[in-house]
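One-letter residues, chain by chain:
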Amino acid sequence: MNSIQFKPNALYFAAALAVLAGAAGLFAIKAYAADDKAAAPAKPALSVSTVQPQRGQLPLELTANGNIAAWQEASIGSEASGLRLLEVRANVGDVVRAGQVLATFSSESVQADVAQARANVLEAEANALDASGNAERARTLQTTGALSDQQINQYLTTEQVAKARVAAAKATLAVQQQRLKNAQVLAPDSGVISARSATVGAVLASGTELFRMVRQGRLEWRAEVTSAELARISVGTSALVHVANGTPVKGKVRMIAPTVDLQTRAGLVYVDLPSGSALKAGMFAKGDFELGQTNALTVPQTTVVVRDAFSYVYRLNPDKRVTQIKVQTGRQIGDKIEILSPLPADAQLVASGAGFLNDGDLVRVIDASKQNTAPAQAAPAPAASK
């Protein structure tokens, strides 16, 4: 009986020993794999290039918005009254010179009035000549007593009246000649026709506007600048105005308004613009006032990463790991951006691939650190020909 029970117990004992041996072997394999993994070197997260921050001169600018307007506008109207408009020789957009004929009125009636006034002058001069002869004879007979003093005074008075009538007739002739001259509408100055209301066949009253002209074709940018910034601008300051197609137009400050708007608290700065540009009166334009240059710390634009509305750069440490640094950015010129936060001059910053990194990542530097070059200064625009 005892020998029969002993065999199952031996089988159970052998199975337990086998299980324990298997577990010990599995534990040994896992421990070996863990040690092998710990001994393996870490892989870089990304291959990057580095750059150093650079100090250089950046232009100091003040940005403003405003409208393009004519420097001065001339209203060209009719000085003739009651005449029919016969011909219109200018249209919107035409470039005209001072004294050029823009329109003509029918002048037949005025020419008749001129002829009549000229005849009146001749008649008055004839009467004056006869009166002068009578007055001269009266003067010679004054000492003889052949004529009374009353008659002599009458001849002398008649002479003065005749001379006055000649002067009045000549004045009337001058008025009629001026009316004849007003039958032609002349340009008061050189410029560009910006509006036209003249219509052939219309009978107009004196003073009716026929054309509107931009004097000398000159335009200006009326920039709106806050009262706090007005003191930074002076007469003669250069400004770069950007039109809709992106072409910059360079101008100079001509005048600064002596008052500011009570509602917006902004003042107008008048900037003279060169003729022949793509600017048109009535355009809205954005521009920058050039206020000089200042020393600034710059890095390439690819160095700065924007996350959650904040700007960061990644500094490379000696152990080839990167540290995320929060920075404040300023002006941007070309592919360079200003860093307002303090950075060591010899700091190695990740220049490419920074957007794929996280704080503490291990990286591989694929090229030697290159020094950041100062931003190139824009060449000044050629002076506009007046």
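Residues numbered from 1 in each chain as written. Predicted model: local features only at pLDDT ≥ 70, side-chain atom pairs only at ≥ 80, totals over all residues. Heavy atoms only, no water.

Draft legend 1. The arrangement of the sheet that holds strand 7 (residues 101-105) in detail. Read from one edge of the open sheet, four strands run 8-7-5-10, paired in antiparallel fashion. Pairing within the sheet leaves two strands with one partner each, and these edge strands are strand 8 (184-186) and strand 10 (203-204). In the sheet, strand 5 (residues 83-88) pairs with strand 7 via three bridges, with the strands oriented antiparallel. By the bridge assignment, Val 88 is partnered in strand 7 with Ala 103. (Pairing = 2+ DSSP bridges. Helix = DSSP H or I, 4+ residues; strand = E, 2+ residues; numbered from the N terminus.)

Draft legend 2. Representation of the sheet that holds strand 9 (residues 191-196). In spatial order, the strands read 4-11-9-6; together these four strands make up an open sheet with antiparallel pairing. The open sheet has two edge strands, strand 4 (73-77) and strand 6 (95-96), and neither has a second partner.

Draft legend 3. Examining the nonpolar core more closely. If you look at the biggest cluster of nonpolar residues, it comprises 31 residues, and the most contacted ones within it are Leu 102, Phe 105, Ile 193, Leu 210 and Phe 211. Mapped by element, the contributors of at least two residues to this core are strand 4, strand 5, strand 7, helix 2 (108-140), helix 3 (149-181) and strand 11 (209-215). The element contributing the most residues to this core is helix 2, with seven residues. Among all residues touching Leu 102, those that are not within four sequence positions of it are Ile 76, Val 88, Arg 89, Ala 90, Val 96, Val 185, Leu 186, Ala 187, Ile 193 and Phe 211. (Core = buried A, V, L, I, M, F, W, Y, C linked by side-chain atoms within 4.5 Å. Buried < 20%, exposed > 50% of the residue type's maximum accessible area, 1.4 Å probe, protein only. Contact = heavy atoms within 4.5 Å.)

Draft legend 4. Focus on the pattern of salt bridges. Per the stated rule, a full pass over the model turns up 14 salt bridges. With a closest N to O distance of 3.3 Å, Glu 87 and Arg 89 form a salt bridge. A relative accessible area of 35% means that Glu 87 is categorised as partly exposed. As a salt-bridge pair, Glu 290 and Lys 250 come within 3.7 Å of each other at their nearest N and O atoms. Pair noted here: Glu 290 is in strand 16 (residues 284-300) and Lys 250 is in strand 14 (residues 248-260), with a separation of 40 residues, a long-range link. If you follow the salt bridges from partner to partner, you end up with Arg 218, Glu 220, Arg 222, Arg 254 and Asp 272 in one network. (Salt bridge = Lys/Arg side-chain N within 4 Å of Asp/Glu carboxyl O.)

Draft legend 5. Region of interest: the environment of Ala 239. Following the sequence through the fold, Ala 239 ends up in strand 13 (residues 238-242). Along the backbone, Ala 239 and Val 253 are 14 residues apart, and their C-alpha atoms lie at a distance of 7.3 Å. Leave out the neighbours within four places in its chain, and Ala 239 touches Trp 221, Val 249, Lys 250, Gly 251, Val 271, Asp 288 and Phe 289.

Draft legend 6. Examining unusual backbone geometry more closely. A positive phi is found at Gln 216, a non-glycine position, where the angle reads about 60 degrees. With respect to the secondary-structure elements, Gln 216 resides in the loop between strand 11 and strand 12 (219-226). For Gln 216, a relative accessible area of 40% translates into the label partly exposed. In this structure, Lys 320 takes a positive phi of about 65 degrees despite not being glycine. Tracing the backbone through its elements, the reader meets Lys 320 in the loop between strand 18 (310-316) and strand 19 (322-327).

Draft legend 7. Helix 2, seen in detail. Taking 1.5 Å of rise per residue, 33 residues should cover 48 Å, and helix 2 covers 49 Å from first to last C-alpha, within 8% of that figure. Among the residues of helix 2, those classed as buried are Val 110, Val 114, Ala 117, Val 121, Ala 124, Ala 128, Ala 131, Ala 135 and Ala 138. Contacts made by the buried residues of helix 2 are with strand 5 and helix 3. (Expected span 1.5 Å × (residues − 1).)

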